[in-house]
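Here is what each chain is made of, one letter per residue.
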Amino acid sequence: MNPRPAMSTQLVDYFARLLPLTDAEAKALAEESHIETFAKGTLLLRAGQVARECYFVLQGCVRQYYLVEGEERTTQFFTEEQWVVSLKSFAQQVPADHYFVCNENTTLVVGTAEKENQLYRRFPKFETLSRTVLERNLAEQQEMTARYLTDTPEQRYLYLLTSRPELLQRVPQYQLASYLGVKPESLSRIRKRMARRPPATPVLP
């Protein structure tokens, strides 16, 4: 399965929205983008492996999970225009403690530390861009952790419904339940309660 040619510009467009790129920078980024398509169920990283690659999702979905007493505990779903990085393992070259698996047939830009460093040497702006991306990802992770600790399961579901509604159609319910920190039957009850609620009355100007 060959990725669509237009996909080679998606990463360029993503970075250009963060910081304007020169023609030379955009050309180098497009030329250095290694794109691969992985079948649903492909493990990109196993617990105990050292992460040698990082990924940018062009199309599809990657799930992160931990194995706790033999049970999968889902902690994140990465979809279009999100980064998939086992940060500690990739940066420090230590074994990962989690898994990355393709939940769908997924097309990714595949990066390595060597390629990153080559681009940094040629174009220092990419180091600034990488720092911006990292800061955004850390902020999102902090917000997600705070919601997990302070919100009720129903509040977490409502936030998911408004912030990433597409996941409800793309992800099995038992994985969504794990992600929200509840059992599948509890998620079913939450969804039924939400379905029975009357629609919100619009606020008139």
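Residues numbered from 1 in each chain as written. Predicted model: local features only at pLDDT ≥ 70, side-chain atom pairs only at ≥ 80, totals over all residues. Heavy atoms only, no water.

K.L.:
Mind showing me how you'd approach the overall build of the protein here?
P.N.:
If you tally the helices and strands in the protein, you get nine helices and eight strands. Each principal axis of the C-alpha atoms in the protein carries an extent, and together these give about 55 × 55 × 35 Å. Sorting the 205 residues of the protein into buried and exposed places 37% on the buried side. Counting every atom, the protein has about 12,300 Å² of accessible surface; 53% of that belongs to carbon and sulfur. Averaging the positions of the 26 positive and the 24 negative side-chain charges in the protein gives two centres separated by 6 Å. (Helix = DSSP H or I, 4+ residues; strand = E, 2+ residues; numbered from the N terminus. Buried < 20%, exposed > 50% of the residue type's maximum accessible area, 1.4 Å probe, protein only. Areas by Shrake-Rupley, 256 points an atom, 1.4 Å probe, with all protein chains shown as cover. Lys, Arg positive; Asp, Glu negative; His and termini not counted. Charge placed at Lys NZ, Arg CZ, Asp CG, Glu CD.)

K.L.:
Where do I start with a nonpolar patch on the surface in this structure?
P.N.:
Among the surface-exposed residues, Leu87, Leu134 and Leu138 lie close enough to one another that they form a single nonpolar patch of about 240 Å² accessible area. Note on placement: leucine 134 falls in helix 5 (residues 125–150). For leucine 134, a relative accessible area of 35% corresponds to the partly exposed category. (Patch = residues over 30% accessible without salt bridge, like charges linked within 9 Å, V, L, I, M, F, W, Y side chains within 5 Å. Salt bridge = Lys/Arg side-chain N within 4 Å of Asp/Glu carboxyl O.)

K.L.:
Just to check I follow, could you spell out the pattern of salt bridges for this structure?
P.N.:
Pairing between side chains becomes possible if they bear opposite charge and their charged atoms approach one another. For the structure shown, the criterion picks out 12 salt bridges. Residue glutamate 72 pairs with arginine 63 through a salt bridge whose shortest N-O separation is 2.8 Å. Given the relative accessible area of 5%, arginine 63 is considered buried. Salt-bridge contacts for glutamate 71 lead to lysine 183; the nearest nitrogen and oxygen are separated by 4.0 Å. Here lysine 183 lies in the loop between helix 8 (173–180) and helix 9 (184–196) and glutamate 71 lies in strand 5 (residues 71–78), a separation of 112 residues in the sequence. Note on lysine 183: relative accessible area 47%, which makes it partly exposed.

K.L.:
Would you mind showing me how to read the sheet that holds strand 4 (residues 62–68) here?
P.N.:
Reading across from one edge, 2-7-4-5 is the order of the four strands in this open sheet, with antiparallel pairing throughout. Because the sheet does not close on itself, it has two edges, and the strands there are strand 2 (43–45) and strand 5. Taking the axes of each pair of neighbouring strands and ignoring which way they run, one obtains an average angle of 30° across the sheet. Where helix 8 meets the sheet, its contacts fall on strand 4 and strand 5, and the angle it forms with strand 5 comes to roughly 90°. (Pairing = 2+ DSSP bridges. Axes fitted to C-alpha atoms, helices over the stretch in contact; angles between N-to-C directions. Contact = heavy atoms within 4.5 Å.)

K.L.:
It is not clear to me how helix 1 (residues 10–18) should be interpreted in this structure. Could you clarify?
P.N.:
Owing to its 3.6 residues per turn, the α-helix brings residues three or four apart onto one side. Within helix 1, burial applies to Gln10, Leu11, Val12, Tyr14 and Phe15. Those residues of helix 1 hidden inside the fold are in contact with helix 2 (23–32), strand 3 (53–59), strand 6 (83–84), strand 8 (106–112) and helix 5.

K.L.:
Can you walk me through the sheet that holds strand 8 in this structure?
P.N.:
Sheet strands line up and pair through hydrogen bonds in the backbone, either parallel or antiparallel. Judged by pairing direction, the sheet is antiparallel, and its four strands sit side by side in the order 1-8-3-6 without closing on themselves. The sheet is open, and its two borders are formed by strand 1 (34–38) and strand 6, each paired with just one other strand. Pairing of strand 3 with strand 8, which is carried by six bridges, proceeds in the antiparallel orientation. Note that in strand 8 the partner of phenylalanine 56 across the bridge is valine 109.

K.L.:
Quick question: what am I supposed to make of the nonpolar core here?
P.N.:
A general tendency of soluble globular proteins is for nonpolar side chains to be buried together. The biggest cluster of nonpolar side chains holds 19 residues, and the ones touching the most others in it are Leu11, Tyr14, Phe15, Leu29, Phe56, Trp83 and Phe126. Broken down by element, this core gets its largest block of residues, four residues, from helix 1. Among all residues touching leucine 11, those that are not within four sequence positions of it are Leu29, Ser33, Phe56, Leu58, Trp83 and Val109. The next biggest cluster of nonpolar side chains, apart from the first, holds 16 residues, and it includes Phe38, Cys54, Tyr55 and Val62. (Core = buried A, V, L, I, M, F, W, Y, C linked by side-chain atoms within 4.5 Å.)

K.L.:
Can you walk me through the state of the cysteines in this structure?
P.N.:
Put plainly, two cysteines are in a disulfide when a covalent bond ties their sulfur atoms together. Under the definition given, this model contains zero disulfides. Between cysteine 54, a free cysteine, and cysteine 102, which holds the nearest cysteine sulfur, the sulfur-to-sulfur gap is 15 Å. Free cysteine: cysteine 61, not disulfide-bonded; nearest cysteine sulfur from cysteine 102 at 8.9 Å. (Disulfide = S-S within 2.5 Å.)

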